[in-house]
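One letter stands for each residue in the lines below.
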There are 2 protein chains.
Amino acid sequence: MNSWEKNVRQVIPYTPGEQPVGTDIIKLNTNECPYPPAPGVKRAIKDIDTEMFRLYPDPEAKKLVDAIADYYNVSPEQIFVGVGSDDVIGMAFLTFFNSERPILFPDITYSFYDVWADLFQVKYETIPLNDKFEINPQDYFRKNGGVIFPNPNAPTAVSLPLSRVEEIIQQNQDVVVIVDEAYVDFGGESALPLVDKYDNLLVVRTFSKSRAMAGMRIGYAFGNEKLISAMKAVKFSYNSYTMNQAAICAGVAAIQDENYFQSIVSKIISTREQAKKRLEALGFRCTDSKANFLFASHRFVPAEKIFNELKSRQIYVRYFKKPRIDNYLRITIGTDKEMEALYEALEEIING
Amino acid sequence: MNSWEKNVRQVIPYTPGEQPVGTDIIKLNTNECPYPPAPGVKRAIKDIDTEMFRLYPDPEAKKLVDAIADYYNVSPEQIFVGVGSDDVIGMAFLTFFNSERPILFPDITYSFYDVWADLFQVKYETIPLNDKFEINPQDYFRKNGGVIFPNPNAPTAVSLPLSRVEEIIQQNQDVVVIVDEAYVDFGGESALPLVDKYDNLLVVRTFSKSRAMAGMRIGYAFGNEKLISAMKAVKFSYNSYTMNQAAICAGVAAIQDENYFQSIVSKIISTREQAKKRLEALGFRCTDSKANFLFASHRFVPAEKIFNELKSRQIYVRYFKKPRIDNYLRITIGTDKEMEALYEALEEIING
């Protein structure tokens, strides 16, 4: 070991889902949208003035912030934007989680939370979900350094009713509570209406799922102006210009097409409900998903075996070899055609 | 003050140069390139398959990394890419500067270094430049937690010969030394050839200046594989996908057009040398710039007055009200036409 290495920050990096390439594969492993972004995105990108790339982008990404503010009918000062919701949440950890007390999040949840906590040396405790994979608000009624949970939760797909989300916020007004709503558009209840009521609430969203723009890296958050302004101060102390010109312009176009948005979201929801029935008919049990994926466990066939067999057929789903969920598969909702191929493969694996 | 606010990270954010909008303004204040990016960038953006935006980008940005590796004839494992060199350097602070000893950088330098140090709670000491605004390597021969300096330095535009850069690296092999080469293409000597010799050297570059792509946010760094792999581990613990699809594709196109690159760089250098003569004829003293800007002080007229008078004429340059440099202007090299307008305005201000 060289001597400079002793001052290197030690981390166990997050392992994202595989990104296999090829035309024959069916990719149901990273909760991407099976449909392309709104048609306006294509036009916006084709029309972009690339000569302007020579100039720095607007550090405030005002056009994008204003478009989001218009759409949700909030003030631009209540909005923070970043390079995907990972950037937004990472920045929030750095900004708000500086207490001596541990932050709290569920034991089964987005696997980046403990990674950020380790990276920024934030203490944390995980709170077990109940046997139905539900969050019990009372478990969060205790002294802590902050709270974060996804709603709907991932990878369980289970949603917490807004009244119960509010109990958690209500009981934790001395710390920042982050509700990570990456999947909320697929049937969850958003905490956005509570932003004006609780100044310690941060609601995080993304363009990666329901807006079909994972490739352009746009995340955002709603919060009280004071909260947002604290995050901006930290962001501007790290990198003034994070949103590039293409992301700003594509983001604006994506949020302005309400009809398209509604059509792909309702299509994904209807495919999900159909998929749940088909999987149950094959012997799976699924949680009540309010997300763009199912969380499914087979009565007899081990999840890891199904995962590997699907992979050998070029169908990628997600398997987490972790306590309590190591017999579950997280299956992203694809197009109807992709799902038919999935059912066919599962039929072979299970009954074949 | 609400109780959650006591755990908010306290920062004094970096203030970037103004980003005025309008068609009549002349913008010589943020060291952007006056020429558009390589023509291939336009084609690459027009041809991008926006349907693919639904998928996450390649977390390794392999196409971009490979294009940079090919161009500089280094291995892809020696390259780190990020959202502008600010993201690259910020990540390097977080990764490498975790010693109890202070890091060292010049007293007059890029004004983000102390901001990052404060953000990540890294101790630092600033080392005064000499009266000619030069770095004296011997000043860095002492116990420290790391070293960072730009070469050429900003806002002074002064370059340090490679032999002297090597002395600093040579004498600091127990810490990481970062050479920030944002402006090196305009006449500086790069430390890139030393990357294979010293495993503690990180050389940082950007597409924002000589590649005319500030708007797309692409920075990169060269270093020993161990160094780069430590940075990647930290990066993947923060945000797996930072480079969006458009940035990756535009970046590849920009680096592949060597003729265009050489033509705009030599044009900027020749305008700079001309500008230096014209400013000296107007009574300015300039440092020997090896960057795409001049650092100039007038013999009689205070810099702040000139700055304000230029601004009232819609010509924006940069003025830092800081010790030792508060009688200097940092003037980005624009097109010849923009520079003529500048000379005319300066003539009026100084002799009028």
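**Considering the packing of aromatic side chains**
Then comes step 1: This model, assessed by the stated rule, comprises 46 aromatic pairs over all chains.
Then comes step 2: Residues tyrosine 72 of chain A and phenylalanine 222 of chain A carry aromatic rings whose centres are separated by 5.0 Å and whose planes lie at 75° to one another, so their mutual orientation is edge-to-face. Of the two residues, tyrosine 72 of chain A sits in helix 2 (residues 62-72) while phenylalanine 222 of chain A sits in strand 8 (residues 219-223), which places them 150 residues apart along the sequence.
Then comes step 3: Of the aromatic side chains, those joined through ring pairs into one cluster are Phe93, Phe97, Phe105, Tyr110, Phe112, Tyr113, Trp116 and Tyr124 of chain A.
Then comes step 4: The ring of phenylalanine 236 of chain A has lysine 235 of chain A lying over it, and the distance from NZ or CZ to the ring centre is 6.0 Å.
Then comes step 5: Stacked on the ring of phenylalanine 293 of chain B, the Lys or Arg arginine 330 of chain B has its end atom at 5.7 Å from the ring centre.

**Quick notes on the relation of the copies chain B and chain A**
Then comes step 1: Expressed as a screw transformation, the operator carrying chain B onto chain A has a rotation angle of 180° and an axial translation of 0.0 Å, and the superposed copies differ by an RMSD of 0.0 Å. The transformation relating the two chain copies, once decomposed into turn and shift, fits a two-fold axis. The rotation axis passes nearest to the C-alpha of lysine 46 of chain B in chain B, at a distance of 2.5 Å.
Then comes step 2: Take the interface residues of chain B: 100% of them recur as interface residues in chain A, which is what a same-surface contact looks like.

**Thoughts on helix 5 (residues 162-170) of chain A**
All names here are of chain A.
Then comes step 1: Buried within helix 5 are the following residues: Leu162, Val165, Glu166, Ile168 and Ile169. Along the axis of helix 5, the buried residues cluster in a sector spanning 155°; they form a single face.
Then comes step 2: Its buried side turned inward, helix 5 meets strand 5 (147-150), strand 6 (177-180) and strand 7 (201-206).

**Quick word on the nonpolar core**
Then comes step 1: Leu64, Ile68 and Phe222 of chain A together with Leu64 and Ile68 of chain B are the most contacted members of the largest nonpolar core, which has 118 residues in total.
Then comes step 2: Per element, the largest residue contribution to this core is nine residues, and it comes from helix 7 (residues 245-255) of chain B.
Then comes step 3: Beyond its immediate chain neighbours, meaning those up to four positions away, isoleucine 68 of chain A contacts Ile79, Val81, Phe207, Tyr220, Phe222 and Ile255 of chain A.
Then comes step 4: In this structure, Ala221 of chain A together with Trp4, Phe96 and Trp116 of chain B belong to the second largest nonpolar core, which totals 73 residues.

**Thoughts on the pattern of salt bridges**
Residue and element names in this part refer to chain A.
Then comes step 1: Enumeration according to the criterion identifies 37 salt bridges over all chains in this entry.
Then comes step 2: The salt bridge partner of arginine 324 is aspartate 107, with a shortest N-O separation of 2.7 Å. A residue pair is termed long-range when its members are at least 10 positions apart, and arginine 324 in the loop between strand 11 (315-316) and strand 12 (329-332) and aspartate 107 in the loop between strand 3 (103-106) and helix 4 (113-119) qualify at 217 residues.
Then comes step 3: You can call aspartate 107 partly exposed: its relative accessible area is 31%.

**Describing the side chain of asparagine 151 of chain B**
Residues and elements named next belong to chain B.
Then comes step 1: Relative to the helices and strands, asparagine 151 resides in the loop between strand 5 (147-150) and helix 5 (162-170).
Then comes step 2: Reaching out from asparagine 151, the side chain makes a polar contact with the backbone nitrogen of leucine 160 at a distance of 2.7 Å.
Then comes step 3: The contacts of asparagine 151, once residues within four sequence positions are left out, are Val158, Ser159, Leu160, Val165, Val179, Asp180, Glu181, Val184 and Glu189.

**What about the interface of chain B and chain A?**
Then comes step 1: Residue-level contacts link 81 residues of chain B with 81 residues of chain A.
Then comes step 2: Of the roughly 6900 Å² buried between chain B and chain A, counting both surfaces, carbon and sulfur atoms make up 57%.
Then comes step 3: There are two salt bridges connecting chain B and chain A.
Then comes step 4: Measuring nitrogen to oxygen at the nearest pair gives 3.3 Å for the salt bridge that ties glutamate 5 of chain B to lysine 226 of chain A.
Then comes step 5: Counting only elements with at least two residues in the side of chain B that touches chain A, the list comes to helix 1 (39-46), helix 3 (84-96), helix 4 (113-119), helix 6 (225-238) and helix 7 of chain B.
Then comes step 6: With eight residues, the top contributor of residues to the side of chain B that touches chain A is helix 6 of chain B.
Then comes step 7: Of the residues contributing to the side of chain B that touches chain A, the split by class is 45 nonpolar, 21 polar and 15 charged.

**Details of the sheet that holds strand 12 (residues 329-332) of chain B**
All names here are of chain B.
Then comes step 1: Pairing within the open sheet is antiparallel, and its three strands lie in the order 9-10-12. Each edge of the open sheet carries a strand with a single partner, namely strand 9 (284-286) and strand 12. Neighbouring strand axes in the sheet, compared pairwise and without regard to direction, differ in orientation by 40° on average.
Then comes step 2: Pairing between strand 10 (residues 293-298) and strand 12: four bridges, direction antiparallel. Within strand 12, the position partnered with leucine 294 by the bridge is isoleucine 331.

**Points about the sheet that holds strand 10 (residues 293-298) of chain A**
Residues and elements named next belong to chain A.
Then comes step 1: If you trace the three strands from one edge of the open sheet to the other, you get 9-10-12, paired in antiparallel fashion. Every other strand in the sheet has two partners, leaving strand 9 (284-286) and strand 12 as the edge strands with one partner each. This sheet shows a mean twist of 40° between the axes of neighbouring strands, independent of strand direction.
Then comes step 2: Where strand 9 meets strand 10, three bridges bridge the pair, whose relative direction is antiparallel. Each bridged residue has a counterpart across the sheet, and for cysteine 286 the counterpart in strand 10 is alanine 296.

Reading the values: the criteria
- Residues numbered from 1 in each chain as written.
- Chains lettered and ligands numbered in written order.
- Predicted model: local features only at pLDDT ≥ 70, side-chain atom pairs only at ≥ 80, totals over all residues.
- Heavy atoms only, no water.
- Phe/Tyr/Trp six-rings, centres within 6.5 Å; stacked < 30°, edge-to-face > 60°.
- Helix = DSSP H or I, 4+ residues; strand = E, 2+ residues; numbered from the N terminus.
- Lys NZ or Arg CZ within 6 Å of the ring centre and 35° of its normal.
- Least-squares fit on C-alpha atoms with pLDDT ≥ 70 in both.
- Contact = heavy atoms within 4.5 Å.
- Buried < 20%, exposed > 50% of the residue type's maximum accessible area, 1.4 Å probe, protein only.
- Arc of directions from axis to C-beta.
- Core = buried A, V, L, I, M, F, W, Y, C linked by side-chain atoms within 4.5 Å.
- Salt bridge = Lys/Arg side-chain N within 4 Å of Asp/Glu carboxyl O.
- Polar contact = N/O pair within 3.5 Å; in protein donor to acceptor, adjacent residues only side chain to side chain.
- Buried area = accessible area lost by both parts, 1.4 Å probe.
- Nonpolar A, V, L, I, M, F, W, Y, C, P; charged D, E, K, R; others polar.
- Pairing = 2+ DSSP bridges.
- Axes fitted to C-alpha atoms, helices over the stretch in contact; angles between N-to-C directions.

Note that every value here comes from positions in space, so none of it alone points to a role or purpose.
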